[in-house]
Amino acid sequence: MSRYALTVAILTTLVLALAILSLAAGPAGIGVTQGLSDMLHGRATIAATIIGQIRLPRMILALLIGATLGLSGAALQGLVRNPLADPGVLGISGCGALGAVLVFYTGVSAVWAPALPLAALSGAGLATLLLLVLTRGGTLVLVLAGAALGSMSAALLALTLNLVPSPYASYEIMHWLMGSLSRASQQDVLIAMPGLLIGSALLFSTGRSLDALTLGEDVAQTMGFSLRVVQWRVVIGTALAVGSGVAVAGGIGFVGLVMPHLLRPLAGARPSRLLLPSALGGAALLLAADLFVRLPVSGAELQLGVVTSLIGTPVFFWQVWRLRGRPV
Amino acid sequence: MILQTDTISLTLQGNRLLNDIALEVRPGEVLGLIGPNGAGKSTLLRVMAGLLRPDTGCVFLDGRDLFTMPPEERGRHLAYLPQEAPASIGMSVRDVVALGRLPHRRTASAQQDAAAVRQALDAVGMSAFADRSSARLSGGERARILLARALAVQAPVMLADEPVAALDPAQALTVMNLFGQYAAQGQAVAVVLHDLALAARFCTRIAVLSEGCLVGIGTPAEVLTDALFAEVYGVAVRRCGEVAVPWSLVASTRRP
């Protein structure tokens, strides 16, 4: 078995194990198998309700959002050929959150539910597009543009919080921005699923083009790969995946940065070979983090986005440490 | 396969870069593209590779318009080796060379791909490095694996932009020999060169560009004359045997 196949096999097992644990974990002591079978047979038991309406949506969203975050990080890093690319670091998640908060704040989402994911998608999409337009100049410009976008979305989010009339609403928004799956519902799954799945399919389709791009844009083009096509696939795929995730779970950062970085030594440096392991790793990381926040550590439940950021920041520092002194 | 440019012209941002250039690269030959800096050599090569569309004129590959050919098919017919190496690749040497097989992903078997990669690695003498990370190679070694990537395409037309610019004489000879062998197998090769001694030694024909115009084309003996050196490069040469050595600047109104 090759190292790549072994990595994928181990990660798949890990994701499955964590998914089962995620269904089993919770304050109500119910049998998972009993609950699942009740649910599938349409028996309205307490176990079926808890599994079907609380734990299953939470597990599915943690798995899918984690996977698409890992995947979009790997695809973005391949596209811009920079190990610091990540939807959070580049301000894409922040702009998605800004879009979501705006419809939240104006009350549009209360009238028309799809407005929330659509606004998050638009925010994430515009940010990615802007990055691509601005970053024809290379790595340094990309990181600066990402920092600018991140600061802009943070400033506008702060402005929104500032203008929110009631302190309770501003607390709600703040809490949501920290990222959480604790209130994930079946409706959230329905809202996020299409974007997450279509986005992932688009991102997975870029593998060979990303491989070709490692040789530079010109060579990729002479080998029959259009830079424009792969850019659009990554932009739309990232916007769909990150926007949908942000819409239901708020801001969850650093998964896309951490996973490709941790898995590169195992899966190899070929961008196409990094997509699937990064998706699996992202799913495992978010499932594990979501299990961790459910542990009764401090009384208050930790927010999911806070945990992923605490895991991700050291990896970010480690990357910066590795890249120090290199010419940009 | 024969690659022809039919009186192509190109203006970018108000600068006339190429002016009515008509030439062809024939199977079995190494065509050298020479000329001073800024003469349009690399631009011409990029047009020939399908990377830049000319304003007027066409590029034909065996009589078919290069710019209407399906990109994947074009990728199998043309191998392009740019001047700048990508910053960092990080993959194993074998994986880098195997990227050259991407245009064949729907037409070749895994065995054919593996054989082409092995052959290309052998040709550049890097077989022993196949499993090493390409991030840990010297400049010359990197240049050779990128050349091996282009060879692995096994395209009937090879276009290389200053492939020996950063190489020592031994490496440069190795690379130019490879192009010679490639052409000897019936493939068409066009190479942008600055080293006129290498051009004289390895090219079947030489095309001279100056300020976007084709000012001469023919065998090295026909083209590399004292008059050409004075006119195009603004230098007077001394002959050491067959080699012309640039010796002094000539007073010229054309070049500052």
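These numbers were taken from a predicted model, which means no experiment stands behind them.

Trainee: Just checking my understanding: could you explain the overall build of chain B for this structure?
Mentor: The number of helices and strands found in chain B is 9 helices and 12 strands. Against the 2.2 N^0.38 benchmark of 18 Å for 256 residues, chain B shows a C-alpha radius of gyration of 19 Å, consistent with a compact globule. Oriented by its inertia axes, the alpha-carbon framework of chain B measures out at about 55 × 40 × 35 Å. Counting across all 256 residues of chain B, residues that qualify as buried make up 45%.

Trainee: Any chance you could explain the sheet that holds strand S1 (residues 3–12) of chain B here in plain terms?
Mentor: Hydrogen bonds between backbone groups are what pair the strands of a sheet, and the pairing can be parallel or antiparallel. All names here are of chain B. One open sheet holds the 4 strands; their spatial order is S2-S1-S4-S5, and the pairing between them is antiparallel. Where the open sheet ends on each side, the last strands, each with one partner, are strand S2 (15–25) and strand S5 (64–65). Pairing analysis gives 5 bridges linking S1 to strand S4 (residues 56–61), with the strands arranged antiparallel. When the bridges of S4 are listed, Ser-9 appears paired with Thr-56. With respect to the sheet, helix H1 (residues 41–48) is in contact with S1, S2 and S4, its orientation differing from that of S1 by roughly 120°.

Trainee: Help me out: how do you make sense of the domain arrangement of chain B in this one?
Mentor: In many analyses, interface size is given as the accessible surface area lost on bringing the parts together. Residues and elements named next belong to chain B. With domains assigned, chain B is organised as domain 1 (3–224) and domain 2 (225–256). Placing a centre on the C-alpha atoms of domain 1 and another on those of domain 2 gives a separation of 27 Å. Listed per partner, the contact involves 11 residues of domain 1 and 7 residues of domain 2. Of all elements in the fold, only helix H7 (196–202), strand S9 (205–210) and strand S10 (213–218) reach the threshold of two or more residues within the side of domain 1 that touches domain 2. Sort the elements by how many residues they give to the side of domain 1 that touches domain 2 and H7 lands first, with 3 residues.

Trainee: For this particular structure, what's the right way to read the pairing of S4(B)?
Mentor: Regular strands have side chains that alternate between both faces of the sheet. As defined by bridge partners, S4(B) adjoins S5(B) across 2 bridges and the pair is classed as antiparallel. Directly across from B:Leu61, in S5(B), lies its bridge partner B:Arg64.

Trainee: How do you make sense of the interface of chain B and chain A when you look at a structure like this?
Mentor: Tallying the contact residues gives 20 residues for chain B and 16 residues for chain A. The element that contributes the greatest number of residues to the side of chain B that touches chain A is helix H2 (residues 71–77) of chain B, accounting for 4 residues. Split into classes, the residues belonging to the side of chain B that touches chain A amount to 12 nonpolar, 3 polar and 5 charged.

Trainee: Can you walk me through the sheet that holds strand S8 (residues 188–192) of chain B in this structure?
Mentor: All names here are of chain B. Spatial ordering of the open sheet is given by S6-S7-S8-S3-S9-S10, a layout of 6 strands whose pairing is mixed. Either end of the sheet is taken by a strand with one partner, and the two such strands are strand S6 (78–81) and S10. Neighbour-to-neighbour, the strand axes of the sheet open up by a mean angle of 15°, direction not taken into account. In terms of strand pairing, strand S3 (residues 30–34) meets S8 through 4 bridges, oriented parallel. Pairing of Leu-31 across the sheet is with Ala-190, part of S8. Sitting on the sheet, helix H6 (residues 169–184) touches S3, strand S7 (157–161) and S8, and the angle it makes with S8 is about 155°.

Trainee: Any chance you could explain the environment of B:Glu211 here in plain terms?
Mentor: Residue placement: B:Glu211 occurs in the loop between S9 and S10. Placed 103 residues apart in sequence, B:Glu211 and B:Ala108 show a C-alpha to C-alpha distance of 42 Å.

Trainee: Please clarify how unusual backbone geometry should be interpreted in this entry.
Mentor: Both trends apply: most residues other than glycine have a negative phi, and most peptide bonds are in trans. Residue and element names in this part refer to chain B. Unlike most non-glycine residues, Asp-62 shows phi in positive territory, near 50°. Here Asp-62 lies in the loop between S4 and S5. Looking at Asp-62, the number of C-beta atoms within 10 Å reads 14, which means it is partly exposed. Phi at Glu-162 is positive, roughly 45°, even though this residue is not glycine. Here Glu-162 is to be found in the loop between S7 and H6.

Trainee: Help me understand the pairing of S9(B), please; the structure alone is not making it clear to me.
Mentor: Residue and element names in this part refer to chain B. Taken across its 6 residues, S9 has 5 buried, putting it largely inside the fold. Relative to S9, S3 runs parallel, the two sharing 4 bridges. Within S9, the residue paired with Ile-34 across the bridge is Val-208. Pairing geometry for S9 and S10, over 5 bridges, is antiparallel. Note that in S10 the partner of Ile-206 across the bridge is Gly-218. Connecting S9 to the antiparallel partner S10 that follows it, the hairpin turn spans 2 residues, and Glu-211 within it adopts a positive phi of roughly 45°.

Trainee: Help me out: how do you make sense of the environment of B:Arg64 in this one?
Mentor: Note that B:Arg64 resides in strand S5. C-alpha of B:Arg64 to C-alpha of B:Val93: the two residues are 29 residues apart in sequence and 35 Å apart in space.

Trainee: Would you explain the UniProt feature "transmembrane region" (unreviewed entry) in chain A in this entry?
Mentor: Residue and element names in this part refer to chain A. Mapped onto this numbering, the UniProt entry gives "transmembrane region" (unreviewed entry) at residues 59–80, 87–105, 111–134, 141–164, 184–204, 234–262, 274–293 and 302–321. From the first C-alpha to the last, residues 141–164 spans 34 Å; its make-up is 96% helix and 0% strand. With 90% helix and 0% strand, residues 302–321 has its two end C-alpha atoms placed 29 Å apart.

Calculation notes
Residues numbered from 1 in each chain as written. Chains lettered and ligands numbered in written order. Predicted model: local features only at pLDDT ≥ 70, side-chain atom pairs only at ≥ 80, totals over all residues. Helix = DSSP H or I, 4+ residues; strand = E, 2+ residues; numbered from the N terminus. Rg over C-alpha atoms; globule rule 2.2 N^0.38 Å. Buried ≥ 20, exposed ≤ 12 C-beta atoms within 10 Å, placed from the backbone. Pairing = 2+ DSSP bridges. Contact = placed C-beta atoms within 7 Å. Axes fitted to C-alpha atoms, helices over the stretch in contact; angles between N-to-C directions. Domains from an automatic or database assignment. Nonpolar A, V, L, I, M, F, W, Y, C, P; charged D, E, K, R; others polar. UniProt positions renumbered as here; feature names shortened; annotations may be inferred.

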